[in-house]
Amino acid sequence: MTTLENRPGPVDFDSPEHQGKLAELYRDFDAVGMTPLWRTREGLMPHHPEPRAVPHLWRWSQLYPLAARSADLVPVGRGGERRAIGLGNPGLPGDPYATPTLWAAIQYLAPRENAPEHRHSQSAFRFVLEGEGVWTVVDGDPVAMRRGDLLLTPGWHFHGHQNVSDTPMAWLDGLDIPLVAATDQGFFEFGPDEVRDKATPDRSRSERLWGGPGLTPVSAAGRPRPSSPLMAYRWAHTDAALAAQLELEAEGQPGVVEPGHAAVRFTNPTTGGDALTTIRTEMHRLRGGTRTRRSRTSASSVWQVFSGGGTVTMDGLDRTLEHGDVFVVPAWTEFSLQAADGSATDGLDLFAFSDAPVLEKLSLLRTEVSN
Ligand code: GTQ
Ligand code: FE2
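How each quantity is defined
- Residues numbered from 1 in each chain as written.
- Chains lettered and ligands numbered in written order.
- Predicted model: local features only at pLDDT ≥ 70, side-chain atom pairs only at ≥ 80, totals over all residues.
- Heavy atoms only, no water.
- Donors = N, O, S within 2.8 Å, 3.2 Å for Na, K, Ca; no water.
- Helix = DSSP H or I, 4+ residues; strand = E, 2+ residues; numbered from the N terminus.
- Buried < 20%, exposed > 50% of the residue type's maximum accessible area, 1.4 Å probe, protein only.
- UniProt positions renumbered as here; feature names shortened; annotations may be inferred.
- Near = heavy atom within 4 Å.
- Polar contact = N/O pair within 3.5 Å; in protein donor to acceptor, adjacent residues only side chain to side chain.
- Areas by Shrake-Rupley, 256 points an atom, 1.4 Å probe, with all protein chains shown as cover.
- Phe/Tyr/Trp six-rings, centres within 6.5 Å; stacked < 30°, edge-to-face > 60°.
- 1 Å grid on protein atoms, 1.4 Å probe; cavity = no way out; pocket = protein on both sides within 12 Å on 5 of 7 lines; lining within 4 Å.
- Points joined across faces, edges and corners; volume = space filled by probe spheres on them.
- Nonpolar A, V, L, I, M, F, W, Y, C, P; charged D, E, K, R; others polar.
- Pairing = 2+ DSSP bridges.
- Axes fitted to C-alpha atoms, helices over the stretch in contact; angles between N-to-C directions.

As annotated in an unreviewed UniProt entry, the chain is Gentisate 1,2-dioxygenase from Geodermatophilus ruber.

Next up, the structure:
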């Protein structure tokens, strides 16, 4: 083998002859699609994540009216499938993606509108900021969508939506569309043009079977499923769990994430893990005046202000938070939250989703907390 040490004769690396040969070699590499690592290592293997996605915030006061305008101009139907409008990160031009792994969209259904059934390998959830009157029908099971609820559509479950009310309704969709695209895993099938079960029950069949706290049907016990069989996580339960954490804190008992900061994760009752295989979903509540520790994580996340107000700080830049605002925290971005204090909007409730479950399964998730 030839090494630098036993190479025959000295080589003058600076000679014009050598430089010419080298340029020729790189041209010939390029012609056959070969790329030497020594010319690209910094880009391919950075010392720490250098996300292309940037911190960004969309105001609900802009998103909602724009979504409403599209309802006057664009019908919902077979083909387009959904009146969903993706929120594109300015650092990912050309792709309507919030982060390299996550799709976030505002979906809008006008009164009496019906979005046809379909299924896809991408996993989805809906989070409801405000309103009601829509049922999402998941594998034939009608699931009511109301303020503060999280509704699931795990991958390859048929789903359609119908607005049975006389008012429009808009909500936040989250999907793993970019992850599925990057790994070439997209499968899609049309279902019926009309949603299969037009009933509008208060509780879905999935909630009747799986909605008792700590209660697993014995017919299904001991059989873990990849994603949650419970399709709805109701605001009354989420709200009570967050309130209880802060009450326990006031009593000097453990439970909160950090002082003044309560949080719950939406989990799969058959495993205790994340409700969806590819997307972590959580609800956070900050007591008025609370500032969270500064942290950074290799997961990328999208947040929506559910109620209250405050400030988010990303890479040292503050942005004020108002009702419904949606913001992106890219990978490895220093991040903290502050809740408003002493005003009409005391405290801060936020819904959050991230790609953390994917990174955890691949042993890629890293998190640092500063103070
Ligand atoms: O509601 O089925 O935002 O299939 C993107 C793709 C929503 C949905 C989106 C979808 C849906
Ligand atoms: Fe869908």
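Text resumes after the structure shown.
Caption draft 1: View of the coordination of the iron ion (ligand 2). Looking at the iron ion (ligand 2), the protein donor atoms are H118 (NE2), H120 (NE2) and H159 (NE2), and they sit 2.1 Å from it. Linear spacing of the donor residues for the iron ion (ligand 2) on their chain is H-x1-H-x38-H. Of this pair, H120 sits in strand β4 (residues 114–120) while H159 sits in strand β9 (residues 159–163); the two residues are 39 residues apart in sequence, bridging distant segments of the chain. The residues H120 and H159 share a single accessibility class, namely buried.

Caption draft 2: Main features of the UniProt feature "domain: Cupin type-2" (unreviewed entry) in the chain. Here the UniProt feature "domain: Cupin type-2" (unreviewed entry) sits at residues 107–173. As annotated, residues 107–173 comprises 0% helix and 61% strand, and the C-alpha atoms at either end are separated by 7 Å.

Caption draft 3: Representation of the site of ligand 1 within the structure. Taken together, the residues surrounding ligand 1 are R82, A84, W103, A105, Q107, H118, H120, R126, H159, H161, D173 and L175. Taking H118, its side chain carries an N or O atom lying 3.0 Å from an oxygen atom of ligand 1. Contacts to ligand 1 include D173, whose side-chain N or O atom sits 2.8 Å from an oxygen atom. About the coverage of ligand 1: the protein hides 91% of its 290 Å² of free accessible area.

Caption draft 4: Structural view of the packing of aromatic side chains. Evaluation of the coordinates by the stated rule reveals 16 aromatic pairs. Arranged with centres 6.3 Å apart and planes meeting at 40°, the rings of Y26 and F29 form a pair that is tilted. Of this pair, Y26 and F29 both sit in helix α1 (residues 16–31), 3 residues apart, which is roughly one turn of that helix. Like F29, Y26 is buried. Considering the side-chain rings of F127 and F351, the 4.4 Å spacing of their centres and the 5° angle between planes classify their relative orientation as stacked.

Caption draft 5: Region of the structure containing the layout of surface pockets. Taken as a whole, the largest pocket spans an internal volume of roughly 710 Å³. Considering the residues around the largest pocket, the lining is formed by 29 residues, among which E282, H284, S295, T297 and W303 are closest to the centre. Elements with a minimum of two residues in the lining of the largest pocket: β13 (261–265), β14 (280–286), β15 (295–297), β16 (301–308), β20 (335–339), β21 (348–354) and β22 (367–369). Here the lining of the largest pocket takes 4 residues from β13, the largest share from any one element. Residue classes in the lining of the largest pocket are distributed as 13 nonpolar, 10 polar and 6 charged. Taken as a whole, the second largest pocket encloses approximately 570 Å³ of empty space. Taken together, 23 residues form the lining of the second largest pocket, with G211, P213, L230, Y233 and H237 sitting closest to its centre. Elements supplying a minimum of two residues to the lining of the second largest pocket: α5 (205–210), β12 (232–233), α6 (235–250) and β13. Here the lining of the second largest pocket gets 3 residues from one element, more than from any other, and that element is α6. By residue class, the composition of the lining of the second largest pocket is 10 nonpolar, 7 polar and 6 charged.

Caption draft 6: Structural view of the pairing of β16. Of all the 8 residues making up β16, 7 are buried; the element is thus mostly covered by neighbouring parts of the structure. Here 4 bridges tie β16 to strand β19 (residues 326–329), and the two strands are oriented antiparallel to one another. Counted as the bridge partner of V302 is V328 from β19. In this structure, β16 lies alongside β21, joined through 7 bridges in antiparallel fashion. What sits directly across from V305, in β21, is L350.

Caption draft 7: Representation of the sheet that holds strand β7 (residues 141–146). Taken together, 5 strands build an open sheet; the order of strands is β7-β6-β9-β4-β11 and the sheet is antiparallel. The open sheet has two edge strands with one neighbour each: β7 and β11 (188–190). For this sheet, the mean angle separating the axes of adjacent strands, direction not counted, is 25°. The pairing of strand β6 (residues 132–138) with β7 spans 6 bridges and is classified as antiparallel. By the bridge assignment, W135 is partnered in β7 with A144.

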